[in-house]
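Below are the chains, spelled out letter by letter.
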Amino acid sequence: MGKYAALTAAGTFLILNPAKAQSSSPPDPGGNPFD
Amino acid sequence: MKHHLSPKHTKKIGDSVIVWFEKSNSYIVLNEELHKLLDLYIFSKDKISFISNIQKFGYSHTQSRSLFKDIDILLKDQNVEDFTDNLKDIPFKALSKEYSESYNIWNTKIALHYSSEKVKQLIHPSLSYLAEANYSTCDTNIHIYQEKHELVLAENETSVFRCLAKDYHKLQGKFSQLIMNILYKTKESDYLGCFHATTVSKSDKAIMLIGSSGSGKSTLSAILQKNGFKLVSDDVSYMNKLDLSIKAYPSAISIKEGSLTSLNSFYNNLMQLPKVNLNPKKGYIRYIPPLEMDYKKSPLCNTILLVNYKKNVPTRLDALNIKYVLEVLIPESWIAHESESALNFLNWLETINCYRLTYSNAEGISDLLCQEIIDK
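All of these numbers come straight from a predicted model, not from anything done at the bench.

Observations concerning the sheet that holds strand 2 (residues 16–21) of chain B
Backbone hydrogen bonds hold the strands of a sheet together, and the pairing may be parallel or antiparallel.
Piece 1. Pairing is antiparallel across the open sheet formed by four strands, whose spatial order is 1(A)-3(B)-2(B)-1(B). Of all strands in the sheet, those with a lone pairing partner are strand 1 (13–16) of chain A together with strand 1 (9–13) of chain B, marking the two edges. Averaged over all adjacent pairs, the angle separating strand axes in this sheet is 20 degrees, with direction ignored.
Piece 2. Where strand 1 of chain A meets strand 3 (residues 26–31) of chain B, four bridges bridge the pair, whose relative direction is antiparallel. For L16(A), the partnering residue across the bridge sits in strand 3 of chain B and is Y27(B).
Piece 3. Across the sheet, helix 1 (residues 32–43) of chain B is in contact with strand 1 of chain A together with strand 2 and strand 3 of chain B; its angle to strand 3 of chain B comes to roughly 115 degrees.

What about the interface of chain A and chain B?
Piece 1. With 27 residues of chain A at the contact, the number on the chain B side is 46 residues.
Piece 2. Of all elements in the fold, only helix 1 (5–10) and strand 1 of chain A reach the threshold of two or more residues within the side of chain A that touches chain B.
Piece 3. In terms of residues, the side of chain A that touches chain B owes the most to one element, strand 1 of chain A, which gives four residues.
Piece 4. For the side of chain A that touches chain B, the per-class residue count stands at 15 nonpolar, ten polar and two charged.

Structural notes on the pairing of strand 18 (residues 300–309) of chain B
On any regular strand, side chains alternate: one points to one face of the sheet, the next to the other face.
Piece 1. As paired elements, strand 11 (residues 205–210) of chain B and strand 18 of chain B share six bridges and run parallel to each other. Within strand 18 of chain B, the position partnered with I210(B) by the bridge is L306(B).

Details of the packing of helix 1 of chain B against helix 2 (residues 47–55) of chain B
Residue and element names in this part refer to chain B.
Piece 1. Between helix 1 and helix 2, the least distance of the axes is 9 Å, while the angle of their chain directions is 150 degrees. Looking at the two axes, helix 1 sits roughly antiparallel to helix 2. Regarding helix 1 and helix 2, the two cross each other, and that crossing is right-handed. Of helix 2, the residues touching helix 1 (which contributes L37, L40 and Y41) are F50, N53 and I54.
Piece 2. In the contact of helix 1 with helix 2, the residues fall into five nonpolar, one polar and no charged.

Section: the nonpolar core
Piece 1. Counting 97 residues, the largest nonpolar core has I144(B), M208(B), L209(B) and I210(B) as the members making the most contacts within it.
Piece 2. In terms of residue count, the dominant contributor to this core is helix 6 (residues 168–184) of chain B (six residues).

Quick word on the sheet that holds strand 7 (residues 150–155) of chain B
All names here are of chain B.
Piece 1. One open sheet holds the five strands; their spatial order is 4-5-6-7-8, and the pairing between them is mixed. Pairing within the sheet leaves two strands with one partner each, and these edge strands are strand 4 (99–105) and strand 8 (158–164). Sheet twist, expressed as the mean angle between neighbouring strand axes with direction ignored, is 20 degrees.
Piece 2. Where strand 6 (residues 140–147) meets strand 7, six bridges bridge the pair, whose relative direction is antiparallel. Residue Y145 lies in a different strand from strand 7, and its bridge partner there is V152.
Piece 3. Here helix 6 sits on the sheet and contacts strand 4, strand 5 (108–114), strand 6, strand 7 and strand 8; the angle it forms with strand 7, its principal contact strand, is near 5 degrees.

Observations regarding the environment of K205(B)
Piece 1. Examined against the element boundaries, K205(B) turns out to sit in strand 11.
Piece 2. K205(B) sits 96 residues away from C301(B) along the chain, and the two C-alpha atoms are 6.1 Å apart.

A look at unusual backbone geometry
All names here are of chain B.
Piece 1. If you check the backbone angles, N156 has positive phi at about 45 degrees while not being a glycine.
Piece 2. Relative to the assigned elements, N156 resides in the loop between strand 7 and strand 8.
Piece 3. Accessibility expressed as a C-beta count within 10 Å gives 11 for N156, which makes it exposed.
Piece 4. Here E157, not a glycine, exhibits a phi torsion of approximately 65 degrees, which is positive.
Piece 5. In this structure, E157 sits in the loop between strand 7 and strand 8.
Piece 6. On the basis of neighbour counts, which here come to 12 C-beta atoms within 10 Å, the residue E157 falls in the exposed class.

Rules behind the numbers
Residues numbered from 1 in each chain as written. Chains lettered and ligands numbered in written order. Predicted model: local features only at pLDDT ≥ 70, side-chain atom pairs only at ≥ 80, totals over all residues. Pairing = 2+ DSSP bridges. Helix = DSSP H or I, 4+ residues; strand = E, 2+ residues; numbered from the N terminus. Axes fitted to C-alpha atoms, helices over the stretch in contact; angles between N-to-C directions. Contact = placed C-beta atoms within 7 Å. Nonpolar A, V, L, I, M, F, W, Y, C, P; charged D, E, K, R; others polar. Parallel < 35°, antiparallel > 145°, perpendicular 65-115°, else oblique. Left-handed = near helix turned anticlockwise from the far one by under 90°. Core = buried A, V, L, I, M, F, W, Y, C linked by C-beta atoms within 7 Å. Buried ≥ 20, exposed ≤ 12 C-beta atoms within 10 Å, placed from the backbone.

Printed below as a string of structure tokens:
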């Protein structure tokens, strides 16, 4: 059973945390240009 | 039973209830019934009375016990302080070699000094349309340099931010905040947040375009600015904390190589635009300068479009439940971790109309948005 399984099963239940800092679009995965 | 664990703010929007917890800076979206259960937990005398109360809603004894356990853990989790790394003192290092450019951004002159051509690629292509042909000295000097595995951002020879080089998007984010502060003579605490969104406006009404990377929001903004809309900001949309207006940001519109063909009928010189390739495995990104950016006006926004580019589909604009917007918007945005900003954000959400725009070609989109949003 996952965490909050009973709440999730009982209706709409979303936990949303904002980013901790300003950011532009994260880069696509697959390589670090500074390596 | 546990009043001290209650959310600080609660806002009902449509059939959803959004609660905000101060310690964790979490927004939790619930339907009305779950919100009632949360309230019952908080106001019930003890576990036995909670379980007996919620059984009246039709839950079995087992379900009621499981719900008690979940709400108990949830409220404890949300009342743990959110830990944010504090910036340690980073001494500024003068660069042995600098790649310098001066920019005239809305009559404010700013010099940027990069430690290498590669570091220059992080910022310069998006602002190159504002670069001066010949470098000139400026009162404001920003340094961006690589030091081993890290990137450092400094303003007037004082370091203000550093991050791992692979997380260069975080440096780009802090750079955008720094530029906002310089251009508008503000500080970070003057902003409610920085949304991961592209914003366009028409007739002083702003529309925020959101969606994951590749969803077509920047491409759509490039189409719209050729059809009577103005760009307010690409990729980062800063909202003023008090009046909730969206402040213009000068970056050009970033377009992935694969999206250029859909813009061919609107722009003649796409292949001549500044380009950058930070990742050899991916294509180029090109930057389309804003056509008419009205930085003196900061429009209010009461529309969010979740943009959904798909091949070979007719254009559709459908009303959308706010929960689908929030699950995209909140995790990708910085929202100041303090009570007033959270409350203002929730109050703003109450005024928002949400839509999903599905499109594959540009034809008719601006007319549709005018008809359904701007002129309404």
